[in-house]
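One letter stands for each residue in the lines below.
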Amino acid sequence: MSNINSKVIALIGGGPAALFLLKHIITKKIKPDTILIFEKNERLGTGMPYGQHGSGKEHVANVSANELPELLTDIEEYIKRNEVTGFPDYSKDGKINRDQVIPRLLLGDYLENQFEAYIKAAKSMGIKITAFTDTKVIDIIGNAESGQYSIITEDANYKADTVILCTGHYWSKSYEDRHKGWYDSPYPPSKFNAATNHPVAVKGASLTAVDIIKTLSRINGTFNTDENGHVNYTLHSQSENFSIDLYSLSGFLPALRFHSEDEAYSSDWKMTLKEIYDYKKNHGGFVDLDYVFNKNFKLILQKKDPEFYDTIKDMNIEDFVDKMMKLRKELDSFELFKAEYAEAEKSIKRHQSISWKEALTSFSYAMNYPAKHFSAEDMLRLNKVLMPLISIIIAALPQSSYREIIALYDAGVINLNNVDAASTVTPYDVEGALYQYKDKDGNPVERYYKMYVDATGQRPLNFNDLPFDGLKQNGDLSTGYLNFKNNEEAIKLLKVGNAMVKAGWNENYYMQVKGLSINDYFQALDAYGKVKENLYIMAVAFIGGLNPDYSGLDFCDTAGETIVQSFLN
């Protein structure tokens, strides 16, 4: 076993991120004296997405049993050993379809079970481990002399040598609870408990929007499946005026799940630190986005689908995205949705992947790790050009969710409005919201709604959003940034008023990005850019600027392994 310098490790947050950290601590036989886990809610392992704070029975994950990272017990074995009720469409007599997506509440039960199993395993190794549930951490304060951190809760003060922030999703509120009919997120879904006999405005059309669609549609109507397997939707009599108006910047619905031939995610896909630093030495101190796109997308396609590769091998990123978006822009969003469903169904029935989508998914996973080493110019390109396409494809919307959305569409209950960044939504009078935008012909439109729900998903948060003042005031953390490769581009952006571009001390320029500054091991960088060796940031909402695709259990698993590897190093 490896006895590390840190005698006491504190995990701030007890959701999936903490679970996978604990997994790798035990797998790699790391042996601190004590592990303290602080979870503000009542359960371990579930986090927000997989417990009552983020799900109802109607919500499903976008992963199957085959795509889950490895834990102590496989989910199918867990279901066989435990009485699972309430999910007849997923589990019958302990048997499951391993390719079927998992109900989120069931997945939460499984993750909680595995968390308890790893706690037991840690204790069997001689580690003192205490999990505090229903315990909110109010502040974290570092002591420069001792190198320790004080973890301050409402009831007590604890000392730790190493602190790992894995606080998960963070939904800030603007007008919710202060203005009737305004909701800053769909969570928890239990707050929606009354029929809405009127149109509802939903900002966004991603998986987060699908969550509120599922919740509100069940309150106001019923889904039925006929003898041919076709899903129909009928409004309740008291909700005959209910409808959902989605407002989306892209104007696209999420792409559908399809058959995947690769393992869910592989650490072999990403550049090693040695590769990253060797490349930087020979390329002006940066990793080039085009290089990563070629290595982790084009070359993968060359092996998987040579014919498709031949059509895009000479394209740059902009040309490729234009090609992929062209058809999307020409078709009505729901007609495109139906066409993609047919394509995905064919993929699943024939056990044939959709090669370019699978390759783009692997690229999205792989580019997270060199992204901290991109130039500011390349990060701007990534966010402006590639990420809109990536975010649609990696959504992997389950087929069951598609059938419900199409049932709503066929019933005339759901609409999708494509709006631009100049559109606004503001509280209106004493209730509801006013949506202001321009239609496809450029004419201004104002629409009033008694209910508005922001369903744009987890937005990357900034330095000032972090709730731990002690870490901010002591200078233990800093805002994320990337350097520009060429001053000309930075000066051009400064001239048009881009407030995220800053002038440095040595005639260089840098761009501030969302979230906090971290290194390759997720260690925080302080106000002077120095590594805080015993402070790790694995809180997804606070690292989005340097980790563009930072969600999901696969991220938790890879990041957990990376952090624990740094203990050994």
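Structure shown above.
Quick look at the structure, then. (Residues numbered from 1 in each chain as written. Predicted model: local features only at pLDDT ≥ 70, side-chain atom pairs only at ≥ 80, totals over all residues. Heavy atoms only, no water.)

## A short note on the overall build of the protein
Stage number 1. Across its full length, the protein carries 15 helices and 24 strands.
Stage number 2. Taken over C-alpha atoms, the radius of gyration comes to 24 Å for the protein, in line with the 25 Å a tight globule of 569 residues would show.
Stage number 3. Considering only C-alpha atoms, the protein reaches an extent of 65 × 60 × 55 Å along its principal axes.
Stage number 4. Split into buried and exposed, the 569 residues of the protein put 54% on the buried side.
Stage number 5. When contacts within the protein are restricted to residue pairs at least 6 apart in sequence, long-range pairs at least 24 apart make up 74% of them.
Stage number 6. Accessible area for the protein stands at about 26300 Å²; split by element, carbon and sulfur atoms hold 46% of it.
Stage number 7. Each charge class in the protein can be summarised by its mean position, and for the 62 positive and 76 negative side chains these summaries are 2 Å apart. (Helix = DSSP H or I, 4+ residues; strand = E, 2+ residues; numbered from the N terminus. Rg over C-alpha atoms; globule rule 2.2 N^0.38 Å. Buried < 20%, exposed > 50% of the residue type's maximum accessible area, 1.4 Å probe, protein only. Contact = heavy atoms within 4.5 Å. Areas by Shrake-Rupley, 256 points an atom, 1.4 Å probe, with all protein chains shown as cover. Lys, Arg positive; Asp, Glu negative; His and termini not counted. Charge placed at Lys NZ, Arg CZ, Asp CG, Glu CD.)

## Section: the environment of T73
Stage number 1. You can see T73 is positioned in the loop between β3 (60–64) and α2 (75–81).
Stage number 2. For T73, a relative accessible area of 15% gives the class buried.
Stage number 3. C-alpha separation for the pair T73 and Q114, spaced 41 residues apart in sequence, amounts to 7.2 Å.
Stage number 4. If we skip the residues at most four places from it in the chain, T73 touches Y78, R81, Y110 and Q114.

## A few points about the packing of helix α6 (residues 289–304) against helix α10 (residues 355–366)
Between two packed helices, both the angle of their axes relative to each other and the distance between the axes serve to describe the pair.
Stage number 1. It is at 9 Å that the axes of α6 and α10 come closest, and there the two elements cross at 145°. Note on packing geometry: the crossing formed by α6 with α10 is right-handed. Contact residues: L289, V292, F293, N296, F297, I300, L301 and K304 in α6; S355, W356, E358, A359, L360, S362, F363 and A366 in α10.
Stage number 2. Counted by class, the contact of α6 with α10 contains eleven nonpolar, three polar and two charged residues. (Axes fitted to C-alpha atoms, helices over the stretch in contact; angles between N-to-C directions. Left-handed = near helix turned anticlockwise from the far one by under 90°. Nonpolar A, V, L, I, M, F, W, Y, C, P; charged D, E, K, R; others polar.)

## Some remarks on the state of the cysteines
Stage number 1. Summed over all chains, the structure comprises zero disulfides.
Stage number 2. With no disulfide partner, C166 has as its closest neighbouring cysteine sulfur the one in C556, 8.8 Å distant.
Stage number 3. Of the residues examined, C166 reaches a relative accessible area of 3% and is grouped as buried. (Disulfide = S-S within 2.5 Å.)

## Considering the sheet that holds strand β2 (residues 34–38)
Stage number 1. Spatially, β5-β2-β1-β9-β24-β23 is the arrangement adopted by the six strands of the open sheet, whose pairing is mixed. Two strands bound the open sheet, and with one partner strand each, they are β5 (128–132) and β23 (523–525). The sheet shows a mean angle of 30° between the axes of neighbouring strands, direction not considered.
Stage number 2. Relative to β2, strand β1 (residues 8–12) is paired through five bridges, and the arrangement is parallel. Counted as the bridge partner of I12 is F38 from β2. (Pairing = 2+ DSSP bridges.)

## Some words on the side chain of T135
Stage number 1. With respect to the element layout, T135 can be found in the loop between β5 and β6 (137–142).
Stage number 2. Look at T135 and you get buried, because its relative accessible area is 17%.
Stage number 3. Those residues in contact with T135 that sit more than four places away from it in its chain are F38, E39, K40 and T153.

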